[in-house]
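Overview (structure and organization)
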Amino acid sequence: MKTLQIVGIEPTQIDDFLFMAIRFGFNLAATFVVVVLLYARNSKRKDFYFSYFAISIAVFLLCFLLENVKLELGFALGLFAIFGIIRYRTDTIPIKEMTYLFVIIAVSVINALSKAHLGYIELTFVNVLLVGALWTLEKVLMLRQEDSLLVIYENIENLHKEKEKELVVDLESRTGIKIKRYQVEKIDFLRDVAQIMIYFDVKNSTKQEKK
């Protein structure tokens, strides 16, 4: 202890550091479960991994270290508002990815600002409850979740109204996807190509890919 006091470190600072490290571990574990075990298994996109983890760490440290500013609830709501209106210039964030971003921010704020109200048991229960709710929603919604794919199609003769069956069969054989419906977005007769948006069930598509 005397050695620590000589270098300017008080025992209370060590306790505070350990407390922050434990809370940070809770937050990182919850973020890992949400991003890797839930989001990754139900989404094929990996370009948001870095953003989710980076935002989670930044929000947690920001809330934890600045809690003494006494902004607390207003500060947390301000973070929700700021990150809720984020739109990356290079790409528009899909609704589901924005929802996960909101959840990541919520988890970080809860783990950082609930230290005066929740013990480790209660905090574990809250994190498990949140992750369990997400897992349940994913399982329920994935049963009927629909996805889409834009296809550049060159056999425009099949776009005739009387050849709808031939068109669907051709698209399914080329993509390996069971098509629920389709929509012709654009036809370029000069290049003899068309842009067709096909819609399919995610669950059925996943099963076909595993086969």
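From a predicted model like this one, the values you see are computed outputs, not experimental measurements.

Let's talk about the nonpolar core
Ranked by internal contacts, the top residues of the largest apolar core, which has 24 residues, are Val34 and Tyr52. Among the elements of the structure, helix H2 (11-42), helix H3 (49-65), helix H5 (95-113) and helix H6 (120-141) are those that each provide at least two residues to this core. Broken down by element, this core gets its largest block of residues, 10 residues, from H5. With sequence-adjacent residues up to four places away left out, Tyr52 is seen in contact with Thr31, Val35, Tyr39, Glu97, Tyr100, Leu101 and Ile104.

Comments concerning the pattern of salt bridges
Where side chains of opposite charge bring their charged atoms close, a pairing between them can arise. Evaluated as defined, the whole model comprises 2 salt bridges. Between Arg174 and Glu154 there is a salt bridge whose closest N-O contact spans 2.8 Å. With Arg174 in helix H7 (residues 164-175) and Glu154 in the loop between strand S1 (146-153) and H7, the pair connects residues that are 20 residues apart, well separated along the chain. Taking the relative accessible area as the measure of exposure, Glu154 reaches 40% and is therefore partly exposed.

As for the packing of H3 against H5
For the pair H3 and H5, the least separation of the axes is 8 Å and the interaxial angle reads 30 degrees. One finds that H3 runs roughly parallel with respect to H5. The two elements H3 and H5 meet at a crossing, and its hand is right-handed. Along its contact with H3, which presents Tyr52, Ile55, Ser56, Val59, Phe60, Cys63 and Phe64, the element H5 presents Glu97, Tyr100, Leu101, Ile104, Ile105, Ser108, Val109, Asn111, Ala112 and Leu113. Residues that form the contact of H3 with H5 fall into these classes: 13 nonpolar, 3 polar and 1 charged.

Some remarks on H7
Between its first and last C-alpha atoms H7 spans 16 Å; for 12 residues at 1.5 Å apiece the expected length is 16 Å, and the two agree. Taken together, the buried positions of H7 are Leu167, Asp170 and Leu171. Projected down its long axis, H7 shows its buried positions confined to an angular sector of 95 degrees, all on one face. Relative to its buried face, H7 has exposed residues pointing more than 90 degrees away, namely Lys165, Val169 and Ser173.

Examining the packing of aromatic side chains
A full pass over the atoms with the stated rule returns 7 aromatic pairs. Seen from their ring centres, Tyr39 and Tyr52 are 5.4 Å apart, and the 85 degrees between their planes marks the pair as edge-to-face. Taken together, the residues Tyr39 in helix H2 and Tyr52 in helix H3 connect sequence positions 13 residues apart. A connected cluster of aromatic rings, assembled from ring pairs, spans Tyr39, Phe48, Tyr49, Tyr52 and Tyr100. Just above the ring of Tyr199 sits the side chain of Arg181; from NZ or CZ to the centre is 3.9 Å.

Calculation notes
Residues numbered from 1 in each chain as written. Predicted model: local features only at pLDDT ≥ 70, side-chain atom pairs only at ≥ 80, totals over all residues. Heavy atoms only, no water. Core = buried A, V, L, I, M, F, W, Y, C linked by side-chain atoms within 4.5 Å. Buried < 20%, exposed > 50% of the residue type's maximum accessible area, 1.4 Å probe, protein only. Helix = DSSP H or I, 4+ residues; strand = E, 2+ residues; numbered from the N terminus. Contact = heavy atoms within 4.5 Å. Salt bridge = Lys/Arg side-chain N within 4 Å of Asp/Glu carboxyl O. Axes fitted to C-alpha atoms, helices over the stretch in contact; angles between N-to-C directions. Parallel < 35°, antiparallel > 145°, perpendicular 65-115°, else oblique. Left-handed = near helix turned anticlockwise from the far one by under 90°. Nonpolar A, V, L, I, M, F, W, Y, C, P; charged D, E, K, R; others polar. Expected span 1.5 Å × (residues − 1). Arc of directions from axis to C-beta. Phe/Tyr/Trp six-rings, centres within 6.5 Å; stacked < 30°, edge-to-face > 60°. Lys NZ or Arg CZ within 6 Å of the ring centre and 35° of its normal.

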